[in-house]
Amino acid sequence: MKDLKCGKKACKHNKGYCCCARKIEVANNTDCLTYEPVEKKASMFEAGSDFIKADYSVDTSVACEANCIFQKNNKCIAGGITVMGDGSEALCLTFVKD
């Protein structure tokens with residue numbers, strides 16, 4: 001899946017609001033289990049990550065256990081997904097209950 005948008009700017013796989021992980025896992029409660037906080041580095045430019053060019057070249061495999069209309073055989077078959085959340089939570093917003 002190349003259209004994998006991620007609002008978790010603090011995740012090490014996020015490049016310009018795109019997920020660049022080769023594979024992600026979504027739990028049955030829609031949590032993104034691949035979310036990993038990036039190690040904080042001192043920076044003069046707090047918004048620097050907002051200006052990173054989006055990377056749509058990674059074809060990410062999405063394993064999913066959620067009871068969702070896009071889940072078939074523990075894989076996501078949606079054309080794209082969006083992951084967002086507050087704090088340490090990262091949730092699939094594309095989830096539509098089956």
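Above: the structure in question.
When helices and strands are tallied, the chain shows 0 helices and 9 strands. Across the 98 residues of the chain, 36% fall into the buried class. Of the roughly 6400 Å² of accessible surface on the chain, a fraction of 53% belongs to carbon and sulfur atoms.

Moving on, we get to the nonpolar core. Core analysis: the largest hydrophobic core is formed by 20 residues, its most contacted members being L4, I24, V26, V62, C76, I81 and V83. Discounting chain neighbours no more than four positions away, the residues touching V62 are M1, L4, I24, V26, N74, K75, C76 and I81.

The next point concerns the packing of aromatic side chains. Per the counting criterion, the structure on display carries 0 aromatic pairs. One Lys or Arg, K8, reaches over the ring of Y35 and ends 4.9 Å from the middle of that ring.

Definitions and limits used
- Residues numbered from 1 in each chain as written.
- Predicted model: local features only at pLDDT ≥ 70, side-chain atom pairs only at ≥ 80, totals over all residues.
- Heavy atoms only, no water.
- Helix = DSSP H or I, 4+ residues; strand = E, 2+ residues; numbered from the N terminus.
- Buried < 20%, exposed > 50% of the residue type's maximum accessible area, 1.4 Å probe, protein only.
- Areas by Shrake-Rupley, 256 points an atom, 1.4 Å probe, with all protein chains shown as cover.
- Core = buried A, V, L, I, M, F, W, Y, C linked by side-chain atoms within 4.5 Å.
- Contact = heavy atoms within 4.5 Å.
- Phe/Tyr/Trp six-rings, centres within 6.5 Å; stacked < 30°, edge-to-face > 60°.
- Lys NZ or Arg CZ within 6 Å of the ring centre and 35° of its normal.

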